[in-house]
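# Survey of secondary and tertiary structure
Single-letter residue listing:
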Amino acid sequence: MITIDREGAYAHIEREKLLDRVMGPARFGKSSEILRRNRLPADGLAFVAFEGTHMIGTVRLWNVKAGDAGDAGDALLLGPLAVDKIYSGSGVGAGLVYAALNAAQSAGHRSVLLVGDPDYYARFGFDARPASGLLMPGPFDRHRFQAINLGNEDVLSGSSGMLRATGTMAH
């Protein structure tokens, strides 16, 4: 049976092994990684999927500042989302994204950004338009930079500037 739950205190070792299997070393060169480096994920917003005792998926949300002063302010960055290849198309990834978005909204967060496949993330409501004035720290594909407003308030449209990491430092 597949279960999705919040990431436990000691899950980071298995999570890193999963990310190595699914994404390889190229993941460390992504712009999103610059925002995650040496930071902890947003409090209570890291999720893992297990089949039995085997970790098969992971996603985390990270605290960021979206744009310059007076813009959208506090936001979250989703990623990486990774699922073992043999579970591709099984719904594990979607389950992880829904768990993360629902928990973020319940915790009072107003928006989530990501860099990812537009066709995949459209089903959750992500769109490139709300992120069109924002920038990542490093190279990124503009059409893959997307956002979603949580709730009814449009907090991202018209925002501009560079995303900045604001999460708690890891050490």
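Above: the structure in question.
The structure contained in this document is the topic of the report that follows. (Residues numbered from 1 in each chain as written. Predicted model: local features only at pLDDT ≥ 70, side-chain atom pairs only at ≥ 80, totals over all residues. Heavy atoms only, no water.)

### Here's the deal with helix H3 (residues 92-106)
In this model, H3 (15 residues) spans 21 Å end to end at C-alpha, consistent with the 21 Å of a helix rising 1.5 Å per residue. Listed as buried for H3 are Val92, Gly93, Ala94, Leu96, Val97, Ala99, Ala100, Leu101, Ala103 and Ala104. Just beyond H3, the residue with positive phi is Gly108, at close to 95°. (Helix = DSSP H or I, 4+ residues; strand = E, 2+ residues; numbered from the N terminus. Expected span 1.5 Å × (residues − 1). Buried < 20%, exposed > 50% of the residue type's maximum accessible area, 1.4 Å probe, protein only.)

### Overview of the pairing of strand S2 (residues 46-51)
The pairing of strand S1 (residues 2-6) with S2 spans five bridges and is classified as antiparallel. Counterpart to Ile4 in the pairing with S2 is Ala49. Bridge count between S2 and strand S3 (residues 54-66): six bridges; the pairing is antiparallel. When the sheet's bridge partners are listed, Ala49 is paired in S3 with Gly57. In this antiparallel pair of consecutive strands, S2 and S3, the connection spans two residues, and Gly52 shows a positive phi of 65°. (Pairing = 2+ DSSP bridges.)

Function cannot be inferred from these measures alone, as they are strictly geometric.
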